[in-house]
Protein chains: 4
Amino acid sequence: MPETFISTLQLRLREFAQARDWEKFHSPKNLVMALTVEAAELQEIFQWLNESQAAALDAIQRERVAEEMADVLLYLCRLADVVKIDLQQAALAKLQRNAEKYPADAVRGSAAKYSDY
Amino acid sequence: MPETFISTLQLRLREFAQARDWEKFHSPKNLVMALTVEAAELQEIFQWLNESQAAALDAIQRERVAEEMADVLLYLCRLADVVKIDLQQAALAKLQRNAEKYPADAVRGSAAKYSDY
Amino acid sequence: MPETFISTLQLRLREFAQARDWEKFHSPKNLVMALTVEAAELQEIFQWLNESQAAALDAIQRERVAEEMADVLLYLCRLADVVKIDLQQAALAKLQRNAEKYPADAVRGSAAKYSDY
Amino acid sequence: MPETFISTLQLRLREFAQARDWEKFHSPKNLVMALTVEAAELQEIFQWLNESQAAALDAIQRERVAEEMADVLLYLCRLADVVKIDLQQAALAKLQRNAEKYPADAVRGSAAKYSDY
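Residues numbered from 1 in each chain as written. Chains lettered and ligands numbered in written order. Predicted model: local features only at pLDDT ≥ 70, side-chain atom pairs only at ≥ 80, totals over all residues. Heavy atoms only, no water.

Engineer: I would appreciate a short explanation of the relation of the copies chain D and chain C in the present structure.
Structural biologist: The relation between the two copies of this chain is a rotation about an axis and a shift parallel to it. By a simple turn and slide, chain D fits onto chain C: the slide is 0.0 Å along the axis, the RMSD is 0.0 Å, and the turn is 180 degrees. Taken together, the rotation and translation relating the two chain copies correspond to the operation of a two-fold axis. Scanning chain D for the C-alpha nearest the rotation axis identifies Thr36 of chain D, at a separation of 3.2 Å. (Least-squares fit on C-alpha atoms with pLDDT ≥ 70 in both.)

In C-alpha cells:
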C-alpha cells in the first residue's frame, strides 16, 4: 500500500503511544469516547455564535477550531489503526454510496429530501 | 499545493453539495452539529460492549464502524473546507505540540500524567 | 429524604434493570456513553433546521424531541443513581454558582461576557 | 399543574436568562448544542478510566461529575422550557414504552436482546 497522509499520521500516533507506554489507554471504547469529546469541544466554539459570526471567525477562534479539528482527525486515525479499519477506503466507499443514495437530479432544490449525505 | 487525499475528498464533497443545491445547509454550525452526531453514532456501536467485545468486532459491526468513521471524516473534511482550515497542516502542528507537551521520558509509565495526547 | 420525581425515576429504572438482569451493562462508562449518544440523537433532529424551523417544530418532530429528551433524562438519572450523585442537590448548587459567577448587573446586554451559564 | 422540581428549575433558569438579557442566545439549536457539549464534558472525566476506577471516583472527580451532571440537567430543563415539552410527562411515557418494548420475561439474561432501554 502506498504511504498516505492518513497512514503517516497513524504511524506517528502509534510510535507516540508506544514511546509513552500509552497503548494500554487506547482501547477502542476509550478512543471512541475521546473522539466524541473532541468533536464536542469543536462544537463548543460554535454553540453561542450566530451564523454570521460562525462564518467570520477571528484569528483566535480559527486557531482553536484548527486545533480541535486536528484532535478529531488524530483520534479518528488512531481508532482506525487500533480497530484495523482502512479509513481512506471507507471514505471513498461512503462517497460512492451517497452518490447512489442521493442522485443529483432527484434531490436538487428539494429540502424535503435532505437528511444527510 | 499538491493534491492530497483530504483535498480530493473536499473537492468531491464540494461538487456533491453544489450539484444538489445543498450548500445552503452546510453552514459551519450545521456541519459541526452533524460531525458530533456522527461521532456519537460511532460511539453507539461500542457503548454496551465490554473491552473484549470491542476488540473483536464481527463483520457486521466492522462494516457499521467503517461507515460511521467515514461519516466523521467526510463531515470533518467538509467543515474544514467551508471554514477554510488546512486540516493536514493542523494535524501536523498538533502532533508537534503533543510531542513537546508530553516528552516520552517524562511521562512513560506514569498514568497520572495521562490526560490526552 | 422526601420522594422526588428524580428519585422516583431512579427507583423505577433500578427495578427495570434488575428485572432484566441488565445491571451488568450499567457501568458508569457505559451509561455516560449512552447519555452522550442520546443527547446527540436529540441534536440530530435540529441539525439541518434553521432557527425558524427549529422554533416551529411540527407534531412528529415534537414527539421525537420529547422522546430523545426523555432518554437523556432517564440515562442521567440512572447514571446519578449508579455513581451515587444527588442530582437535585447538584443542580441547585450549580444554579447558586452561576448566580455568583454571572451577576445580572455586570453581564446584562454584554454578549462578550457570554460563554455559558 | 403542581410545582415540581423540574418546573422550579425551569422558572429559575428563565428568570436567570431574562435578568441577563441572555434569552437571545437560548435558541433551540444553541441549547441542544450546549446540552451535547455538557454531556461530552461529563464523558471526558470517564474516558481514560478503567471500569474499576470509574466505579471508585475520588472526591475531586465526584465534584466534577456532579457539576457536569448538573449542567446537563439544567440545559435539558431550559431546552424543554423553550420548546415547550413537558419533560416529566415525556420521561414517564418513555418508561412505559420501555416496559412494553422489553418485557422482563423475554429479555432476562439475554445479552443479545440488549440494545437500549
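Engineer: Explain the packing of helix H4 (residues 59–83) of chain C against helix H5 (residues 87–101) of chain D to me, please; I cannot follow it from the model alone.
Structural biologist: The description of two packed helices rests on the angle between their axes and on the distance between the axes. H5 of chain D packs onto H4 of chain C with a crossing angle of 85 degrees between their chain directions and a minimal axis gap of 8 Å. With respect to their mutual orientation, H4 of chain C and H5 of chain D come out roughly perpendicular. Counted together, Ala66, Glu67, Met69, Ala70, Asp71, Leu73 and Leu74 of chain C of H4 of chain C and Leu87, Ala90, Ala91, Lys94, Leu95, Arg97 and Asn98 of chain D of H5 of chain D form the full contact between these two elements. Here the residues of the contact of H4 of chain C with H5 of chain D sort into 9 nonpolar, 1 polar and 4 charged. (Axes fitted to C-alpha atoms, helices over the stretch in contact; angles between N-to-C directions. Helix = DSSP H or I, 4+ residues; strand = E, 2+ residues; numbered from the N terminus. Parallel < 35°, antiparallel > 145°, perpendicular 65-115°, else oblique. Contact = heavy atoms within 4.5 Å. Nonpolar A, V, L, I, M, F, W, Y, C, P; charged D, E, K, R; others polar.)

Engineer: I keep staring at the pattern of salt bridges and nothing clicks. Help me out?
Structural biologist: A side chain with one charge may pair with a side chain of the opposite charge, provided their charged atoms come close. All chains considered together, the criterion is met by 24 salt bridges over all chains. Salt-bridge contacts for Asp81 of chain A lead to Arg14 of chain A; the nearest nitrogen and oxygen are separated by 2.8 Å. Residue Asp81 of chain A is located in helix H4 (residues 59–83), and its partner Arg14 of chain A is located in helix H1 (residues 5–19); the two are separated by 67 residues in the primary sequence. The exposure class of Asp81 of chain A is buried, given its relative accessible area of 18%. The partly exposed category is assigned to Arg14 of chain A, whose relative accessible area is 31%. Counted as one network, the salt bridges with shared partners bring together Glu67 and Asp71 of chain A together with Lys94 and Arg97 of chain B. (Salt bridge = Lys/Arg side-chain N within 4 Å of Asp/Glu carboxyl O. Buried < 20%, exposed > 50% of the residue type's maximum accessible area, 1.4 Å probe, protein only.)

Engineer: Before we go on, may I ask you to explain the side chain of Ser7 of chain D in this structure?
Structural biologist: Mapped onto the secondary structure, Ser7 of chain D falls in helix H1 (residues 5–19). The exposure class assigned to Ser7 of chain D is buried, which follows from its relative accessible area of 17%.

Engineer: Looking at this model, I keep getting lost on the relation of the copies chain A and chain B. Mind explaining?
Structural biologist: Mapping chain A onto chain B calls for a rotation angle of 180 degrees and an axial translation of 0.0 Å; the resulting RMSD is 0.0 Å. In this assembly the copies share their binding face: 100% of the residues contributing to the interface of chain A also contribute to that of chain B.

Engineer: Can you walk me through the interface of chain A and chain B in this structure?
Structural biologist: Often, the extent of an interface is quoted as the loss of accessible area upon association of its parts. At the interface, 70 residues of chain A touch 70 residues of chain B. For the pair chain A and chain B, the interface holds 6 salt bridges. For the salt bridge of Glu67 of chain A with Arg97 of chain B, the shortest nitrogen-to-oxygen distance reads 3.6 Å. Those elements giving two or more residues to the side of chain A that touches chain B turn out to be H1, helix H2 (28–46), helix H3 (51–54), H4, helix H5 (87–101) and helix H6 (104–107) of chain A. In terms of residue count, the dominant contributor to the side of chain A that touches chain B is H4 of chain A (16 residues). Tallied by class, residues from the side of chain A that touches chain B come to 46 nonpolar, 10 polar and 14 charged.

Engineer: Which parts of the structure should I look at to understand the interface of chain D and chain C?
Structural biologist: Listed by partner, the interface residues are 70 residues for chain D and 70 residues for chain C. Both sides of the chain D and chain C interface together cover about 6600 Å² of buried area, and 70% of this is carbon and sulfur. Linking chain D with chain C are 6 salt bridges, by the criterion used here. Across the salt bridge formed by Asp71 of chain D and Lys94 of chain C, the nearest N and O atoms sit 2.5 Å from each other. Our count for the contact surface shared by chain D and chain C stands at 20 residue pairs in polar contact (both at pLDDT 80 or more). Of the residues assigned to the side of chain D that touches chain C, the class counts are 46 nonpolar, 10 polar and 14 charged. (Buried area = accessible area lost by both parts, 1.4 Å probe. Polar contact = N/O pair within 3.5 Å; in protein donor to acceptor, adjacent residues only side chain to side chain.)

Engineer: Please clarify how the packing of aromatic side chains should be interpreted in this entry.
Structural biologist: Under the defined criterion, the tally for this structure stands at 12 aromatic pairs over all chains. Arranged with centres 6.2 Å apart and planes meeting at 35 degrees, the rings of Tyr75 of chain B and Trp48 of chain C form a pair that is tilted. Taken together, the residues span two chains, with Tyr75 of chain B in helix H4 (residues 59–83) and Trp48 of chain C in the loop between helix H2 (28–46) and helix H3 (51–54). Judged by relative accessible area, Trp48 of chain C falls into the buried class, the value being 10%. Look at Phe16 of chain C and Trp22 of chain C: their rings are 6.0 Å apart centre to centre, the planes differ by 65 degrees, and that puts the pair in the edge-to-face class. Relative accessible area serves as the criterion here: at 10%, Phe16 of chain C is assigned to the buried category. Owing to a relative accessible area of 1%, Trp22 of chain C belongs among the buried residues under this scheme. Through pairs of rings, three or more aromatic residues link up here, namely Phe16 and Trp22 of chain A together with Tyr102 of chain B. Over the ring of Phe16 of chain C we find Arg20 of chain C; its NZ or CZ atom is 3.5 Å from the centre of that ring. (Phe/Tyr/Trp six-rings, centres within 6.5 Å; stacked < 30°, edge-to-face > 60°. Lys NZ or Arg CZ within 6 Å of the ring centre and 35° of its normal.)

Engineer: How should unusual backbone geometry be read in this particular structure?
Structural biologist: In most cases, non-glycine residues show a negative phi, while peptide bonds are predominantly trans. Residue Lys84 of chain A is not a glycine yet carries a positive backbone phi of 60 degrees. Judged by relative accessible area, Lys84 of chain A falls into the exposed class, the value being 65%.

Engineer: Can you walk me through the packing of H2 of chain A against H4 of chain A in this structure?
Structural biologist: All names here are of chain A. Contact geometry for H2 and H4: axes closest at 9 Å, N-to-C directions at 165 degrees. On the basis of the axis angle, H2 is roughly antiparallel to H4. Here H2 runs over H4; the crossing is left-handed. Each of Pro28, Leu31, Val32, Ala34, Leu35, Glu38, Ala39, Glu41, Leu42, Ile45 and Phe46 in H2 lies in contact with H4, whose residues at this interface are Arg64, Val65, Glu68, Met69, Asp71, Val72, Tyr75, Leu76, Arg78, Leu79, Val82 and Val83. Grouping the constituent residues of the contact of H2 with H4 by class yields 17 nonpolar, no polar and 6 charged. (Left-handed = near helix turned anticlockwise from the far one by under 90°.)

Engineer: Is there a simple way to explain the environment of Glu44 of chain B in this structure?
Structural biologist: Assignment of secondary structure puts Glu44 of chain B in helix H2 (residues 28–46). Sequence separation of Glu44 of chain B and Leu87 of chain B is 43 residues, and the distance between their C-alpha atoms is 26 Å. When sequence neighbours within four positions are dropped, the list of residues in contact with Glu44 of chain B reads Val37 and Glu41 of chain C.

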